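The chain contents come next:
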Amino acid sequence: MTEREQIEQIRAKLQLSQQCTFPLHMQEFGLDLIVHEGVLSPKDFHSWRWYTENFPPVAGKSILEIGCGFGLPGLYLAKHGALSLVACDINPKAVANTLENAARNGIENVEAIESDVFCNIPQHRRFDYIFWNHPSIFASDHYEYRDNLERAAIDPGYGLLGRFLSEGPEFLTKSGSLLLGFASNARDDILSELISAHDLTVTFLAAGQYPHMRQINRMFSIRKRA
């Protein structure tokens, strides 16, 4: 599939995902969840489920989630052992949605911040895990988003990935790591180039998919080279 075909396909899927009655109500992982219009629909985009089920142990860990959407996996982790969660998203509707779902479930060890990757994360903060389910659809550098929903699926020139890998290590504890969700249809060649350029080491953690999913979800642990 060409780049243009991929983009047209994801645009159509995003548009279709918003053609339902909002808010959506869900019971998932023991949580009572609500999803509002303008937030990436978990009923049409399913990778959040796999990452929630396959996240590394988080007991006593501080977590930063980039691109929190409606709140999972971060809220589940915050309720089941994580010391704290900072959830951020460039979409203000997603930030509000995550805060609402935290309140609905009595999860108090959560902050939610509107941020373009690390832009609004306080410089002094340090995290054991920084997780991002990366928007893996590649577009050319000059691509212009039509709306905030596209930011959850498309990364022009993989510039956002480059920022995640270059800036992220500065927000880690000494033993911390970046956890990258990187789909099987993503550009592994660009990831490899960025890993090398920023002197990082990468460890494969897990991969898997559900029967109805076309792509395979993959998780990598990334750290500065010792």
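Above this text you will find the structure in question.
Residues numbered from 1 in each chain as written. Predicted model: local features only at pLDDT ≥ 70, side-chain atom pairs only at ≥ 80, totals over all residues. Heavy atoms only, no water.

Asks: How should the sheet that holds strand β10 (residues 200-208) be read in this particular structure?
Replies: Strands belonging to one sheet form pairs held by backbone hydrogen bonds; the direction of such a pair is parallel or antiparallel. The mixed open sheet is built from seven strands, whose spatial order is β5-β4-β3-β6-β9-β11-β10. Looking at which strands have only one partner, the edges of the open sheet turn out to be β5 (110-114) and β10. Put simply, the sheet's adjacent strands are angled 20° from each other on average, direction ignored. As defined by bridge partners, strand β9 (residues 172-181) adjoins strand β11 (residues 217-224) across four bridges and the pair is classed as antiparallel. (Pairing = 2+ DSSP bridges. Helix = DSSP H or I, 4+ residues; strand = E, 2+ residues; numbered from the N terminus. Axes fitted to C-alpha atoms, helices over the stretch in contact; angles between N-to-C directions.)

Asks: Help me understand the side chain of glutamine 18, please; the structure alone is not making it clear to me.
Replies: Following the sequence through the fold, glutamine 18 ends up in the loop between α1 (3-17) and β1 (24-28). With relative accessibility at 16%, the residue glutamine 18 sits in the buried group. A polar side-chain atom of glutamine 18 sits 2.8 Å from the main-chain amide nitrogen of glycine 38. When neighbours within four sequence positions are excluded, glutamine 18 is seen to be in contact with Glu37, Gly38, Val39 and Leu149. (Buried < 20%, exposed > 50% of the residue type's maximum accessible area, 1.4 Å probe, protein only. Polar contact = N/O pair within 3.5 Å; in protein donor to acceptor, adjacent residues only side chain to side chain. Contact = heavy atoms within 4.5 Å.)

Asks: Help me understand the environment of methionine 213 in this model?
Replies: Looking at where methionine 213 falls in the secondary structure, it is placed in the loop between β10 and β11. Not counting chain neighbours up to four residues away, the residues in contact with methionine 213 comprise His46 and Ser47.

Asks: Looking at this model, I keep getting lost on the pairing of β5. Mind explaining?
Replies: Consecutive side chains of a regular strand alternate in pointing toward one face of the sheet and then the other. Summarising the sheet, strand β4 (residues 84-89) and β5 pair through five bridges and their orientation is parallel. For cysteine 88, the partnering residue across the bridge sits in β5 and is isoleucine 113. Traced from β4 through helix α4 (residues 92-104) to β5, the parallel crossover comes out right-handed. (Right-handed = clockwise from strand over helix to strand, strands pointing away.)

Asks: I keep staring at the pairing of strand β6 (residues 127-133) and nothing clicks. Help me out?
Replies: Within β6, six of the seven residues are buried, which leaves the element mostly enclosed by the surrounding structure. Relative to β6, strand β3 (residues 62-66) runs parallel, the two being bridged by four bridges. Its bridge partner lying in β6, leucine 64 is registered against isoleucine 130. As paired elements, β6 and β9 share six bridges and run parallel to each other. Directly across from isoleucine 130, in β9, lies its bridge partner leucine 178.

Asks: Got a minute to help me understand unusual backbone geometry in this structure?
Replies: It is generally the case that most residues other than glycine have a negative phi and that most peptide bonds are trans. In this model, phenylalanine 22 is joined to proline 23 through a cis peptide bond whose omega is 0°. For proline 23, the location among the structural elements is in the loop between α1 and β1. With an omega of 15°, the peptide bond between leucine 72 and proline 73 qualifies as cis. Its place among the elements puts proline 73 in the loop between β3 and α3 (74-79). Phi is positive for phenylalanine 29, close to 55°, though the residue is something other than glycine. Residue position: phenylalanine 29 is located in the loop between β1 and β2 (31-35).

Asks: Explain the packing of helix α6 (residues 159-167) against helix α7 (residues 188-197) to me, please; I cannot follow it from the model alone.
Replies: Helix packing for two helices is described by the angle between their axes and how far apart those axes are. Between α6 and α7, the least distance of the axes is 10 Å, while the angle of their chain directions is 30°. Regarding the angle of α6 to α7, the classification is roughly parallel. Like other packed secondary-structure pairs, α6 and α7 cross with a definite hand, here right-handed. For the pair α6 and α7, contact is made by Leu161, Gly162 and Leu165 and by Leu191, Leu194 and Ile195, respectively. (Parallel < 35°, antiparallel > 145°, perpendicular 65-115°, else oblique. Left-handed = near helix turned anticlockwise from the far one by under 90°.)

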